[in-house]
Amino acid sequence: MTLRIGVDVGGTFTDVFLFKDGDIYRGKSDTTHYDLKVGFMNAARTATEQAGLQLEDAVKTTDAIVYSTTVGTNALIERRGTRLGLITTKGFEDVVQVGRSRNWADGLSHDKKYDRGRARRPEPIIPKNRIVGIQERIDSLGRVVIPMRDRDVLDKIQMLVDQGVRGFVVCLLNSFVDPGHEQRVRELIRERYPESYLGHMPVYLSSDISPKSGEYRRSMTVILDAYLREISSEHLLRLTDELRDFGYKQPFFVAKNTGGLSSLSRSQALELLGSSPAASVVGAEYLAKQLGLENVVIGDMGGTSFDVGLIVGDRDRVYERDPIINRFRVQLPFVAHWSIGAGGGSMAQVFNGELKVGPQSVGSNPGPACYGRGGEYPSVTDANVVLGFLNPDNFLGGNIRLDAGRAENAILKHVADPLGVSVWEAAWQIKLLIDGKMGQEMYRICAQISGEDPRSFTAFSLGGAGPLHATGFADFADIKSIATFSFSSVFGAFSTLTFDILQSYEKTVYMTMMTSGNAEYPLESIDIFNKSAKDLIALAERDMAEEGFDLTAIDLQIEIHMSYGQQRQTVEIRPTKTQLSSASDLKQLCDDFNDEYSRRYGVGATYPEAGIEVVLMKLNAVGPVDEFKFRDNSESPTFGDPSAGTRRAYWGPEHGFIETPIYQYDLVRRNKELEGPAICEASDTTIVVSPGWVFHRDDKDIGWITKKTGGQDG
């Protein structure tokens with residue numbers, strides 16, 4: 001029996017996707033913020049019971065459990081991380097306070113970026129009184145300019161201990177060239193506070209975690225990773241212990257925002273931030289290849305946020321090379337995704353006569369007013385109940401009963417009366433506004449990031465609320481074709497099972513591949529390239545052996561970031577060799593760079609006369625896992641009448657109230673077209689087919705919503 005379990009812990013719901021011998025099962029539970037493993041166990045029990053298994057038996061026999069979580073994100077927002085001290089080079093104590101010139105705007109919404117009078121730099125993770133500088137200096141070539149003195153270091157360590165720190169971050173100037181001084185600081189701390197004592201404190205070196213140039217971003221990368229390390233490991237280790245008690249014997253894998261999996265012992269805390277939306281991009285890319293789709297835009301609408309991802313033709317996966325986490329720039333390249341505060345729990349309020357929806361959320365507890373848990377403010381979910389799109393008696397398969405009266409009263413009090421409109425008009429305005437925000441974000445991402453016509457994209461509508469709003473945001477994004485999946489509401493959990501084992505390593509490396517003027521290929525760069533590649537491969541061998549692979553079973557992908565001389569803009573090139581041997585190898589890389597540069601920016605933009613340089617080397621070590629395959633259901637008959645009667649629904653002022661046909665998703669015959677307006681109800685999502693759109697299920701059980709050619713717009 002093949003059995004794999006994927007887990008996605010979101011801000012509102014915890015999702016589980018179970019893959020058993022080609023069949024899929026889903027579980028969903030409230031996220032239990034007081035103890036995240038409780039929500040996971042509840043959702044896992046639902047999925048395993050659907051598969052005819054007991055949770056304990058499933059855990060014992062499963063091939064792998066893959067986990068993604070928001071615990072680090074929440075801890076960062078709430079500032080619940082470890083109390084740290086920072087040791088840096090004397091004279092550079094203010095680097096993390098000053099940041100970069102646009103540090104005041106990093107991580108802010110578009111509205112707040114333009115409100116410069118109120119904008120402030122982010123509250124530092126490590127305040128100034130816990131930052132010390134030591135007298136030492138290594139230059140950019142790795143030469144010791146000012147030797148480090150042990151006595152000075154010990155004095156500064158004591159100063160931090162007196163401030164009550166529980167961990168040390170060490171980030172010295174140019175340590176990515178020569179880590180010797182950082183390593184000596186760690187030795188001194190361990191001598192003073194050995195592991196055998198209760199007072200032992202962890203030490204985090206920038207040369208280990210992010211050996212790259214850029215003092216501010218390198219510092220913040222290490223600081224954030226250290227800040228979240230303890231709280232992340234505590235949660236995950238508790239969950240691992242409980243699974244071991246159940247009899248789980250396989251490695252416990254975590255999904256990383258870099259687009260791969262690894263065991264806990266080979267994962268950094270920072271790699272878990274945003275791992276869920278990154279997973280959805282990887283899963284969508286995986287399915288797009290199976291379906292033969294070129295351009296795909298992902299719209300993942302959950303309870304709290306709306307996440308957008310992008311897959312463009314035959315291009316490599318889109319990575320964010322200069323990402324912002326919370327409000328800090330870091331050096332961890334992760335799978336690009338864009339998020340706005342728009343979800344089923346987005347709060348609707350009226351300010352100065354103007355309706356606002358989001359980014360504030362009512363959360364999962366108390367949640368929307370219709371949940372009947374004490375929530376007073378209306379949300380997008382309440383609007384969908386009032387409009388008739390959601391069945392109050394069959395929400396999440398009937399596991400949650402919604403109170404339509406509470407939803408109506410909340411909208412009446414907080415939106416309809418202040419605006420002077422009816423409850424139904426107010427609910428429609430809430431839906432229209434949230435659809436517009438999501439659709440405009442999708443259009444912006446397609447047009448600006450990909451450079452392609454948004455009309456050439458297929459939308460993947462994901463998340464519990466995604467299929468309900470799919471035609472709404474697609475209209476605003478000018479997209480004509482939408483794909484939904486039977487597991488759309490747990491797509492993040494499904495996506496974790498499409499990941500390969502992945503370890504990524506990056507290192508700043510300066511090499512001249514072609515000189516300016518005389519266009520020579522310096523042979524000394526071959527030795528630099530080969531040594532740097534060998535160093536990264538040695539790290540990969542060490543870590544992948546821990547994951548259970550030998551070197552012959554993994555795919556080593558070298559990537560170098562190249563630029564014209566003195567240029568900051570780089571282009572990523574993948575050499576076909578991990579070791580170079582001649583000037584012709586250098587020339588080939590330079591030719592590849594010129595070709596790629598001209599493809600991206602135009603032939604006239606190339607400038608090889610300035611010389612060509614390498615500024616960064618990256619290695620991806622990939623260990624493949626078993627692939628998920630769609631099952632062809634063309635021969636599987638569907639029995640029963642899909643009709644579940646009708647329900648009165650409001651489709652806006654153009655259409656008004658319509659007695660709308662309701663269908664049971666699982667009973668809709670394959671390739672039978674359902675014209676909108678129509679509503680398909682599944683156990684954990686609702687597909688709304690607006691007027692002017694058509695829905696059908698194909699032989700792979702994928703639901704397609706397409707715009708009618710020349711039809712009436714909804």
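Located above this text is the structure these notes cover.
Residues numbered from 1 in each chain as written. Predicted model: local features only at pLDDT ≥ 70, side-chain atom pairs only at ≥ 80, totals over all residues. Heavy atoms only, no water.

A. Region of interest: the packing of aromatic side chains. Enumeration over the complete set of coordinates arrives at 20 aromatic pairs. Both rings, one in Tyr 597 and one in Tyr 601, keep their centres 4.8 Å apart while their planes meet at 55 degrees; by these two values the pair is tilted. Within this pair, Tyr 597 and its partner Tyr 601 are both found in helix α17 (residues 583–601), separated by four residues, close to a single helical turn. Classification of Tyr 597 as buried rests on a relative accessible area of 6%. Residue classification places Tyr 601 among the partly exposed positions, given a relative accessible area of 40%. When the centroid spacing of 6.1 Å and the interplanar angle of 50 degrees are considered together, the rings of Tyr 665 and Phe 695 count as tilted. Here Phe 695 lies in strand β33 (residues 693–697) and Tyr 665 lies in the loop between β29 (657–664) and β30 (674–675), a separation of 30 residues in the sequence. Between Arg 648 and the ring centre of Phe 657, over which it is positioned, the NZ or CZ distance is 3.8 Å. (Phe/Tyr/Trp six-rings, centres within 6.5 Å; stacked < 30°, edge-to-face > 60°. Helix = DSSP H or I, 4+ residues; strand = E, 2+ residues; numbered from the N terminus. Buried < 20%, exposed > 50% of the residue type's maximum accessible area, 1.4 Å probe, protein only. Lys NZ or Arg CZ within 6 Å of the ring centre and 35° of its normal.)

B. Looking closely at the pattern of salt bridges. Counted under the stated rule, the structure contains 41 salt bridges. Linking Arg 186 and Asp 208 is a salt bridge whose minimum nitrogen-to-oxygen distance equals 2.9 Å. Pair noted here: Arg 186 is in helix α7 (residues 180–192) and Asp 208 is in helix α8 (residues 206–209), with a separation of 22 residues, a long-range link. Of the charged contacts in the structure, one is a salt bridge between Asp 591 and Lys 587, with a shortest N-O distance of 2.9 Å. (Salt bridge = Lys/Arg side-chain N within 4 Å of Asp/Glu carboxyl O.)

C. The sheet that holds strand β32 (residues 686–689), seen in detail. Taken together, the four strands give an open sheet; going across it, the order is β28-β29-β31-β32, and neighbouring strands pair in mixed fashion. Two strands close off the open sheet at either side, each with one partner strand: β28 (643–650) and β32. Taking each pair of neighbouring strands and ignoring which way they run, the sheet shows an average axis angle of 25 degrees. Pairing analysis gives four bridges linking strand β31 (residues 678–681) to β32, with the strands arranged antiparallel. Paired with Ile 679 across the two strands is Val 688, which belongs to β32. (Pairing = 2+ DSSP bridges. Axes fitted to C-alpha atoms, helices over the stretch in contact; angles between N-to-C directions.)

D. Seen up close, the environment of Ser 101. Relative to the helices and strands, Ser 101 resides in the loop between α4 (95–98) and α5 (110–114). Expressed as a C-alpha distance, the spacing of Ser 101 and Ile 400, which sit 299 residues apart in the sequence, is 49 Å.

E. Spatial organisation of helix α11 (residues 380–387). Counted residue by residue, α11 has eight buried out of eight residues, so it is predominantly covered. Three or more residues of α11 are buried, namely Val 380, Thr 381, Asp 382, Ala 383, Asn 384, Val 385, Val 386 and Leu 387. The N-terminus of α11 is capped by Ser 379, whose side-chain oxygen sits 3.3 Å from the backbone nitrogen of Thr 381. Residue Gly 388 follows α11 closely and has a positive phi angle near 95 degrees. (Polar contact = N/O pair within 3.5 Å; in protein donor to acceptor, adjacent residues only side chain to side chain.)

F. Looking closely at the packing of helix α6 (residues 150–162) against α7. Two elements in contact, α6 and α7, have axes separated by 10 Å at closest approach and are oriented at 60 degrees. Classed by the angle they form, the pair α6 and α7 counts as oblique. Handedness of the crossing formed by α6 with α7: right-handed. Together, Asp 150, Arg 151, Val 153, Leu 154, Ile 157 and Gln 158 of α6 and Arg 184, Val 185, Leu 188, Ile 189 and Arg 192 of α7 make up the contact between the two elements. By residue class, the composition of the contact of α6 with α7 is six nonpolar, one polar and four charged. (Parallel < 35°, antiparallel > 145°, perpendicular 65-115°, else oblique. Left-handed = near helix turned anticlockwise from the far one by under 90°. Contact = heavy atoms within 4.5 Å. Nonpolar A, V, L, I, M, F, W, Y, C, P; charged D, E, K, R; others polar.)

G. Representation of the nonpolar core. Ranked by size, the top nonpolar core spans 67 residues in total, and within it Val 297, Ile 411, Ile 430 and Met 442 carry the most contacts. For this core, the leading source of residues is helix α13 (residues 423–450), giving ten residues. For Ile 411, the contacting residues outside a window of four places in its chain are Pro 378, Asp 382, Ala 383, Val 386, Ala 416, Val 423, Ala 426, Ala 427 and Ile 430. (Core = buried A, V, L, I, M, F, W, Y, C linked by side-chain atoms within 4.5 Å.)

H. Broad picture of the side chain of Ser 29. Mapped onto the fold, Ser 29 is located in strand β3 (residues 23–30). Leave out the neighbours within four places in its chain, and Ser 29 touches Thr 12, Phe 13, Thr 14, Gly 39, Asn 42 and Ala 43.

I. The arrangement of the sheet that holds strand β22 (residues 458–462) in detail. Spatial ordering of the open sheet is given by β19-β14-β13-β22-β23-β34-β33-β30, a layout of eight strands whose pairing is mixed. Two strands lie at the open edges of the sheet, namely β19 (338–340) and β30, each paired on one side alone. Relative to strand β14 (residues 306–311), strand β13 (residues 296–301) is paired through six bridges, and the arrangement is antiparallel. Its bridge partner being in β14, Gly 299 is matched across the sheet by Val 308. Together, β13, β14, β22, β23 (481–485) and β34 (702–707) form the strand contacts of helix α10 (residues 275–291), whose direction differs from that of β14 by roughly 40 degrees.

J. Quick look at unusual backbone geometry. Omega for the peptide link from Gly 358 to Pro 359 comes to 0 degrees, which places this bond in the cis form. Its location among the elements puts Pro 359 in strand β21 (residues 354–361). Each neighbour pair has its own omega, and for Gly 676 with Pro 677 the value is 10 degrees, a cis peptide bond. Tracing the chain through its elements places Pro 677 in the loop between β30 and β31. Located in the positive-phi region is Ala 519, a residue other than glycine, with phi close to 55 degrees. Considering the arrangement of structural elements, one finds Ala 519 in the loop between β24 (501–514) and α16 (524–546).

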